[in-house]
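# Results of the structural survey
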Amino acid sequence: MVKQTYQVTADTIGKRFGNVVLFRNIHFSLVTGQSMAITGPNGSGKSTLLSITAKLATPDRGKVVYQRDQKIIGRRELFSHIGMVSPDIMPYRELTAIENIRFAFNTFTPAEDHVHDRMEALGLYSHRHKPVAQYSTGMLQRLKLLVATLGTPGILFLDEPGSNLDTTGKDIIYTYLDQVRPDIILCMATNESTEAGLCERSIYLGTDHS
Amino acid sequence: MVYTLIMSIFYVLMPVSIVLAFLWAPPAEILGETSRILYFHVPVAWVAVLAFVISGISSLLYLWDRNNRFFILELKAYHAARMGLVFCVITVITGSMWAKASWGSYWNWDPRQSSIMVLFLIYVAYFSLYSAMRENSRRDVLASAYLVFAMVTVPFLVFVIPRIYPSLHPDPIINAQRKINMDPAMQLTLIFSMISFTLFFLYLYTLQLRAAILQRRIEERHHEKL
Amino acid sequence: MVQTILSSIRKDFRVEFRGRYAINVSVAFAFITTLSISFATGGTAIRPAIQAIFLWVILFFSAMNSLSHVFTREEEESTALFLRLHSSAETVFLSKLLYNMAVFMFLEMLIVPLCVFFLSITVIQPVQFTITMLAGGIAITSATTIIAAIVSQSGGRGSLFTILSFPVTLPVLWVTIDATTRSITSGLIFSWNSVLFLGAFSMALLIVSYLLFPVIWDEG
């Protein structure tokens, strides 16, 4: 596979809810191979900043620009280049894991073997024909990871990736991240120091309003 | 300044129109003295439609103008709709008073009554939507989209209802077949009144927009302090 | 494009069929209103014009339960972002529209026999009647699908959907009730203009919806 270079640039991002300013003047720029953790206390806007960076939410100020090999990626194309795991993104509960994957990747289907291998690795293979509603929270988290990474996205967003996972589950993710990190941009919102430690950089969303 | 100009002309014209409507214009032949409500009912209805068109066009521009080249379009749309709703209610009230006096009942599902009622319902729906989204950052986009969408259905209504229900409405102004069949004095009074009410609307509208802009500036100042 | 839309519709049907919440409510609502009207009128003959009004009012309010659900469910179950990440706005709009049309047709197939049975409607001109039902159904779904999207994005509930839909569907109801009356009354002439009107109305609203939908659906 030809390696592509992505770049994401966030310029003076600001967001408020009503009269409360969540954050302001956020700048960063990441290229393929780099990773960043967004940390901060609950309610500091970690998830919001992650959504804004993924262009799933609109900032009140500033903008986020994506480039691939120096060329700007339009909003429309963008979603085929990113993968995201977040408590706000749920697969269909009524569908089985396989049906969810088929729906999510109906335009380009990842090779059957590849899907099976990845399911096996995440311990989901034997549950592939169960409706997601019957999954435990840990299994659901693994499925979300599977869906987010199956298309080998160039940019990966993880919002609290380790939540609801046991140590084996966490180990699977961390090994996977170590493996793919050189080829992707990794952006993570987390409160766990182990996870934040996986990233080279971090942004702290604190209470200072300077 | 435009605002002061509108205001001063309005202050001169409005009393003139009122005097003309009550003292100078002759009463209509069959309708009698009740016909004097014409000089208020028709202009108010016209303003309601004008406000609706302004809010519709502002909404459309707001959705189309993603780079914010125009200023405060979302406020323009919202305040025009708000004024439109008020004038719409006045139209219905003055109209049904007149209807009671001349046709015998307040509401007859006359085509004009139906279309103003639909306009009223669209405004009510718009404000229901608007108030349901107090905390929603996408409020302006969604409310504008609704207004633009609803606006598309209005011509269909105007086109279709008269074919199903016959009209009782006197049609002295917009009339395809016949010419204007009004006494010249009545005509002049009506024109005066239309202009006065249009100015009245513009006066209130610009005043509200100025207040809205000030409020927004205060909010922004407040945020900068935080 | 066609393939992705089909797969999207299949997904919506699967999700709905396995839960069956929305459609059950609609069906129950249709039964209850038809029966209560039949019970209340208690065998007295109802004029065809009134029968047509009952038929469309029952249809409209039964459909209101299901038509908004196709979008509000995505928000309630937090699947909206999942859908947004994996499908284009156009695919989402067209699949939801077609899904809603199918649901409306299903409700018609249920409610029309119910009304024929309990309100003793006699269809005099079956072809005209069927075409009016189809055209009316298409017009109502064309008018309300985008409103369902607006309501789901606003975080509003079902009652807000009815309030927003009512002024927009009023022209459709006026015309279809008139046309339906003509097709179930002996001796009245059916006017094809009403079908033409419904077609033109649907077309205009579909075009506007298709253009507006990405603005409503895509954030950022």
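First things first, this report covers the structure right here in the doc. Note that the structure is a prediction, hence the values are computed from the model and not measured.

Bringing the packing of helix α6 (residues 89-118) of chain C against helix α7 (residues 126-154) of chain C into the picture now. All names here are of chain C. Between α6 and α7, whose axes approach to 9 Å, the crossing angle comes to 140 degrees. Considered as vectors, α6 and α7 are oriented oblique to each other. Between α6 and α7 lies a crossing whose hand is right-handed. Contact residues: α6 offers F93, K96, L97, N100, M101, F104, M105, E108 and V112, while α7 offers F129, M133, L134, G137, I138, I140, T141, S142 and T145. In the contact of α6 with α7, the residues fall into 11 nonpolar, 5 polar and 2 charged.

For the rest of this paragraph, the subject is the environment of D159 of chain A. Residue and element names in this part refer to chain A. Here D159 shows up in strand β7 (residues 155-159). When the C-alpha positions of D159 and L50 are compared, they lie 7.5 Å apart, and in sequence the two are 109 residues distant. Contact partners of D159, with chain neighbours within four places excluded, come to S47, L50, V85, S86, P87 and A189. Polar contacts involving the side chain of D159 include one to the side chain of S47, which spans 2.8 Å.

Between chain B and chain C, the contact holds 31 residues from the first and 31 residues from the second. Broken down residue by residue, the surface that chain B buries against chain C is led by R138, F149 and F156 of chain B, which jointly contribute 27%. Along the contact surface separating chain B from chain C lie 3 residue pairs in polar contact (both at pLDDT 80 or more). With 15 residues, the single largest contributor to the side of chain B that touches chain C is helix α5 (residues 139-164) of chain B. Looking at the side of chain B that touches chain C residue by residue, the class counts come to 25 nonpolar, 5 polar and 1 charged.

Turning our eyes to something else, we now look at a nonpolar patch on the surface. Residue and element names in this part refer to chain C. A cluster of nonpolar residues, M1, V2, L6, M203, I207, Y210 and L211, forms a patch on the protein surface that exposes about 740 Å² of accessible area. Secondary-structure elements contributing two or more residues to the nonpolar patch are α1 (2-19) and α9 (192-217). Take the nonpolar patch: its biggest share by element is 4 residues, from α9. Mapped onto the elements of the fold, M203 is located in helix α9.

Take the side chain of T176 of chain C next. All names here are of chain C. One can find T176 in helix α8 (residues 158-184). Residue class for T176 comes out buried when judged on its relative accessible area of 0%. Sequence-distant contacts of T176, defined by excluding residues within four places in its chain, comprise W56, T132, G136 and L198.

Scoring rules and cut-offs
- Residues numbered from 1 in each chain as written.
- Chains lettered and ligands numbered in written order.
- Predicted model: local features only at pLDDT ≥ 70, side-chain atom pairs only at ≥ 80, totals over all residues.
- Heavy atoms only, no water.
- Axes fitted to C-alpha atoms, helices over the stretch in contact; angles between N-to-C directions.
- Helix = DSSP H or I, 4+ residues; strand = E, 2+ residues; numbered from the N terminus.
- Parallel < 35°, antiparallel > 145°, perpendicular 65-115°, else oblique.
- Left-handed = near helix turned anticlockwise from the far one by under 90°.
- Contact = heavy atoms within 4.5 Å.
- Nonpolar A, V, L, I, M, F, W, Y, C, P; charged D, E, K, R; others polar.
- Polar contact = N/O pair within 3.5 Å; in protein donor to acceptor, adjacent residues only side chain to side chain.
- Buried area = accessible area lost by both parts, 1.4 Å probe.
- Patch = residues over 30% accessible without salt bridge, like charges linked within 9 Å, V, L, I, M, F, W, Y side chains within 5 Å.
- Areas by Shrake-Rupley, 256 points an atom, 1.4 Å probe, with all protein chains shown as cover.
- Salt bridge = Lys/Arg side-chain N within 4 Å of Asp/Glu carboxyl O.
- Buried < 20%, exposed > 50% of the residue type's maximum accessible area, 1.4 Å probe, protein only.

Such coordinate-based values are descriptive only and should not be taken to indicate function.
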